[in-house]
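# Notes for the structure review
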Amino acid sequence: MLLRVGRRCRRPCAAEQSRLSKMCWLQLWRSLLHQDFLEAVIASCVFGSIHKKEFRLLCHLLDVAFLSRRCQGGHAHVRIEGSYTKPSAIYTDALALHLAQAFRLAL
């Protein structure tokens, strides 16, 4: 797995899944949490998405406190279904910049 290579080379790295993905409960994912990896959860609506799509990142050498952003409420979300399913999985420009800033801080 590429995350193990990143860890072995002491480089910041991350893997992303939907927050509710069953992948995050697999033995491999859970084992990495016992090897210097941490999880961050990012709600895309915080970064201008019309959806409350939450991403879970398995991170090494990244500041998860900086990365983590939960929905604070106070705004409406478009339900993720039908023709909205595919667009909901796309990073907004603001979210992509946030991820890039996390890597910049780590480097």
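Our subject is the structure listed above.
Described below are features of the structure shown in this document. (Residues numbered from 1 in each chain as written. Predicted model: local features only at pLDDT ≥ 70, side-chain atom pairs only at ≥ 80, totals over all residues. Heavy atoms only, no water.)

## Looking at the pairing of strand β3 (residues 54-60)
Within β3, seven of the seven residues are buried, which leaves the element mostly enclosed by the surrounding structure. Taking every second residue as pointing to the same face, both faces of β3 are buried, with E54, R56, L58 and H60 on one and F55, L57 and C59 on the other. Sheet topology note: the strand β1 (residues 13-18)/β3 ladder contains six bridges and is antiparallel. From the neighbouring strand, Q17 faces β3, where its bridge partner is R56. In this structure, strand β2 (residues 38-43) lies alongside β3, joined through six bridges in antiparallel fashion. Its bridge partner being in β3, A40 is matched across the sheet by L57. (Buried < 20%, exposed > 50% of the residue type's maximum accessible area, 1.4 Å probe, protein only. Helix = DSSP H or I, 4+ residues; strand = E, 2+ residues; numbered from the N terminus. Pairing = 2+ DSSP bridges.)

## Regarding the state of the cysteines
Per the stated rule, a full pass over the model turns up zero disulfides. Summary of cysteine pairing: C45 is not part of a disulfide, and the nearest cysteine sulfur, belonging to C71, is at 3.5 Å. By relative accessible area, which is 9% here, C45 ends up buried. (Disulfide = S-S within 2.5 Å.)

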